[in-house]
Amino acid sequence: MSEPAPSLTPEFGLRDGGRLTLVRGEGARLWDDHGRVYIDLGASHGAGSLGACHPAVVKAIEEQARTLLFLGSGYASPIRTAFLEKLLSLLPRSFSRVFLSNSGTEAVEAAIKIARSATGRTKVVAALRGFHGRTLGALSATWRRELKEPFEPLVPGFVHVPFNDAAALDRAVDDTTALVLLEPVQGEGGVHVATPEFLRAARAVATRTGALLAFDEVQTGIARTGRLFAFEHWGIVPDLLLLAKSLAGGVPIGATVTTEEVATRFRGSHHSTFGGSPLACAAGLAALTATVDERLAERAARLGALGLERLRSLVPDHARELRGLGLMLGLELREKAAPYLAALESRGFLAIPAGATVIRLLPPLVIRDEEFAAGLSAIEEVVGRG
Ligand SMILES: *Cc1c(COP(=O)(O)O)cnc(C)c1O
C-alpha cells in the first residue's frame, strides 16, 4: 500500500490526500492541480468578496511591497492613514477610532477588552448560534458547544440568549454587562437574519444599562449583504463595529472600529505587532476603493434577490427553509448538506456548509451573472433530485 501524498492542511499539517487542491484563481473561478475549473460559491467563508487576485488589490500589494513591506505600528504611516480615512469616510460620523489587527477573532478580542476596560464590567451577552472566532475570548462568545468543550474552562462571564428574542435579550443585559455582541446576520450559525425589533432592543437595552453594543460584521461587512455594512439595513449604529475577512481583499486584517467616547474611556493597553501593516493597509485601501467604485453592494443586492427568487421553488418539497440577505444565502435541508456539497463539487461548483444541514452561498461579489446563474441551476438540479 502506498501512502497518500503528504499535503499540508491548515489543521496541524496532517496528511489529507483526498482533499481538493486548488492552485490558481481569477474572479470567481478557481483551478485545481489537474487544470479543472470550479466556480467559487463560498469565497473562502466570505474573505474572498473581491474574488481571487483582484487586479487593483494585486497592484497595490506589489507597489507597497516595493515601497515599505513592514512597519511597526508605533510609527505614523501614510498608507495606514489613507486606509483608515477611507474606511471612516464610509461609516457614520460617530466612528472615529480604529484598532487594526490581523483576523476576525482578534477584532472580537479587542472589542471584549475595550468593553471590559471602558465600562469596568465583565459580563458579555451574545446569541445562541452565534460565531465570533476561536481564540479563547472570542470562543467564549461563540455558541457551538463542540467547538468549546475540549478547551474549557473558557473565559467566565459570557451568557447566550436566543437570537431574535428581544425579551430574552432585555432580561439578560443588566448593569453588570460590559458588552452585547451580535452578528446582524448569523453566518456560521446557518444564515439567520436579525429582526429589526431584536437589533432595536439591543441598542435600547445597551444604552439604558450603559453596556456597549458591538456588531460582529466580520462576515456581513463590506457589501456582502447588499449594503456596505449590514447595520445600514436597520439604521441601528453600534458602539463597536468588527470587521475582517474581505476587508483587505484577501490579505489578513482585522478592524475594531469605535467612537471617540469609548476610546477615551479605554484603560490599559492593547497592541498587535503586525496589525495595521503597510501591506494590509494598501490592500485594504484598494479593496474598499474597488468595492465602492464597482458598486458591489448593489451587485450583492441584485444577485442575492435573484438567488432567493430562484431557490425558493425548492421549498418546501426539497428543502426546509431558504434564508438570506444580499449575497449571503442559506438553504436549510432536511438532511445533511455534505453529500449535496460533494455533488456540487463534482459538477464544478464549490459551496460551503453552515452547520450540518445548511448549504451556504457566499460567492465573491464580483461573480459574473452567468456564473452565479449556473451555480443556482446546479443547486436546483442537485437538491431538486434529492
Ligand atoms: C469568520 C468569523 C470570525 C472569525 O474570523 P477569523 O478571521 O477566522 O478569526 C468572527 N466572527 C464572524 C462573524 C465570522 O464569520
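A quick note: this is a predicted structure, and the numbers were derived from the prediction, not measured.

Rules of the game
Residues numbered from 1 in each chain as written. Predicted model: local features only at pLDDT ≥ 70, side-chain atom pairs only at ≥ 80, totals over all residues. Heavy atoms only, no water. Axes fitted to C-alpha atoms, helices over the stretch in contact; angles between N-to-C directions. Helix = DSSP H or I, 4+ residues; strand = E, 2+ residues; numbered from the N terminus. Left-handed = near helix turned anticlockwise from the far one by under 90°. Contact = heavy atoms within 4.5 Å. Nonpolar A, V, L, I, M, F, W, Y, C, P; charged D, E, K, R; others polar. Core = buried A, V, L, I, M, F, W, Y, C linked by side-chain atoms within 4.5 Å. Buried < 20%, exposed > 50% of the residue type's maximum accessible area, 1.4 Å probe, protein only. Domains from an automatic or database assignment. Expected span 1.5 Å × (residues − 1). Pairing = 2+ DSSP bridges. Phe/Tyr/Trp six-rings, centres within 6.5 Å; stacked < 30°, edge-to-face > 60°. Salt bridge = Lys/Arg side-chain N within 4 Å of Asp/Glu carboxyl O. Lys, Arg positive; Asp, Glu negative; His and termini not counted. Polar contact = N/O pair within 3.5 Å; in protein donor to acceptor, adjacent residues only side chain to side chain. Near = heavy atom within 4 Å. Arc of directions from axis to C-beta.

Caption draft 1: Representation of the packing of helix α3 (residues 78-89) against helix α11 (residues 278-293). At their nearest, the axes of α3 and α11 sit 8 Å apart, and the two run at 35° to each other. Our pair here, α3 against α11, has a crossing hand that is left-handed. Contact residues: α3 offers Ile 79, Arg 80, Ala 82, Phe 83, Lys 86 and Leu 87, while α11 offers Pro 278, Cys 281, Ala 282, Gly 284, Leu 285, Leu 288 and Thr 289. Grouping the amino acids of the contact of α3 with α11 by side-chain chemistry returns nine nonpolar, two polar and two charged.

Caption draft 2: Fine view of the nonpolar core. Core analysis: the largest hydrophobic core is formed by 94 residues, its most contacted members being Phe 229 and Ile 359. Top contributing element to this core by residue count: α11, with eight residues. For this core, the domains that each give at least three residues are domain 1 (10-53 + 295-385) and domain 2 (55-293). If we ignore the near neighbours within four places in the chain, the residues touching Ile 359 are Leu 329, Gly 330, Leu 331, Leu 333, Ala 337, Tyr 340, Leu 341, Ala 351, Ile 352 and Val 383. Listed in part, the 21 residues of the second largest apolar core include Ala 107, Ile 112, Ala 178 and Leu 240.

Caption draft 3: Main features of α3. Over its twelve residues, α3 runs 16 Å from end to end, which matches the ideal 16 Å to within 8%, given 1.5 Å per residue. Check the buried side of α3 and you find it contacts α2 (55-67), β4 (95-101), β11 (240-243), β12 (254-259) and α11.

Caption draft 4: Spatial organisation of the sheet that holds strand β3 (residues 37-40). Strand order in the open sheet formed by four strands is β1-β2-β3-β15, with mixed pairing between adjacent strands. Only two strands of the sheet have a single neighbouring strand rather than two, namely β1 (22-26) and β15 (349-350). One ladder, built from two bridges, connects β3 with β15; its direction is parallel. Bridge pairing links Asp 40 to Leu 350 in β15.

Caption draft 5: Spatial organisation of the packing of aromatic side chains. The final tally for this structure, using the stated rule, is three aromatic pairs. On the numbers, 5.3 Å between centres and 70° between planes, the contact of Phe 163 with Phe 198 is edge-to-face. Of the two residues, Phe 163 is situated in the loop between β6 (158-161) and α7 (166-172) and Phe 198 in helix α8 (residues 196-209); the sequence distance between them amounts to 35 residues. Measuring from centroid to centroid gives 6.1 Å for Phe 229 and Phe 231, while their planes differ by 20°, and the two rings are stacked. Relative accessible area serves as the criterion here: at 0%, Phe 229 is assigned to the buried category. Exposure remark for Phe 231: the relative accessible area of 4% places this residue in the buried category.

Caption draft 6: Structural detail: the pairing of β11. Where burial is concerned, the two faces of β11 agree: the one with Leu 240 and Leu 242 and the one with Leu 241 and Leu 243 are both buried. When strand β10 (residues 212-216) meets β11, the two strands line up parallel, connected through three bridges. Across the sheet, residue Asp 216 finds its bridge partner in β11, namely Leu 242. In terms of strand pairing, β11 meets β12 through four bridges, oriented antiparallel. Bridging across to β12, Leu 242 finds its partner in Thr 256.

Caption draft 7: How the structure looks around the pattern of salt bridges. Tallying each qualifying case throughout the model produces 21 salt bridges. Ionic pairing is found between Glu 261 and Arg 265, a salt bridge with its closest N-O pair at 3.1 Å. Highlighted residues: Glu 261 and Arg 265, both in helix α10 (residues 260-265), separated by four residues, approximately one helical turn. Among the residues examined, Glu 261 registers a relative accessible area of 47% and is labelled partly exposed. Through salt bridges with shared partners, one network takes in Arg 320, Glu 321, Arg 323 and Glu 332.

Caption draft 8: Structural view of the side chain of Glu 109. Position of Glu 109 among the secondary structure elements: in helix α4 (residues 104-119). Within the buried core, Glu 109 has no salt-bridge partner, and the shortest N-O distance to an opposite charge, that of Lys 113, equals 7.4 Å. At a separation of 3.0 Å, a polar atom in the side chain of Glu 109 contacts the main-chain amide nitrogen of Gly 137.

Caption draft 9: Inspection of the site of the ligand at higher detail. Residues in close proximity to the ligand include Ser 103, Gly 104, Thr 105, Phe 131, His 132, Gly 133, Glu 183, Asp 216, Val 218, Gln 219 and Lys 245, which together make up its full environment. Thr 105 is positioned such that a nitrogen or oxygen atom in its backbone is 2.8 Å from an oxygen atom of the ligand. For the ligand, an oxygen atom lies 2.7 Å from a polar atom in the side chain of Lys 245. Here the residues of the shell around the ligand sort into two nonpolar, six polar and three charged.

Caption draft 10: Representation of α2 in the model. Taking 1.5 Å as the rise per residue, α2 with 13 residues should run 18 Å; its terminal C-alpha atoms sit 18 Å apart, in good agreement. Restricting attention to buried positions, one finds in α2 the residues Val 57, Ala 60 and Gln 64. Here the buried residues of α2 occupy an arc of 65° about the axis, which is enough to place them on one side. Pointing more than 90 degrees away from the buried face of α2 are the exposed residues Pro 55, Lys 59 and Arg 66. Packed against the buried residues of α2 are α3 and α11.

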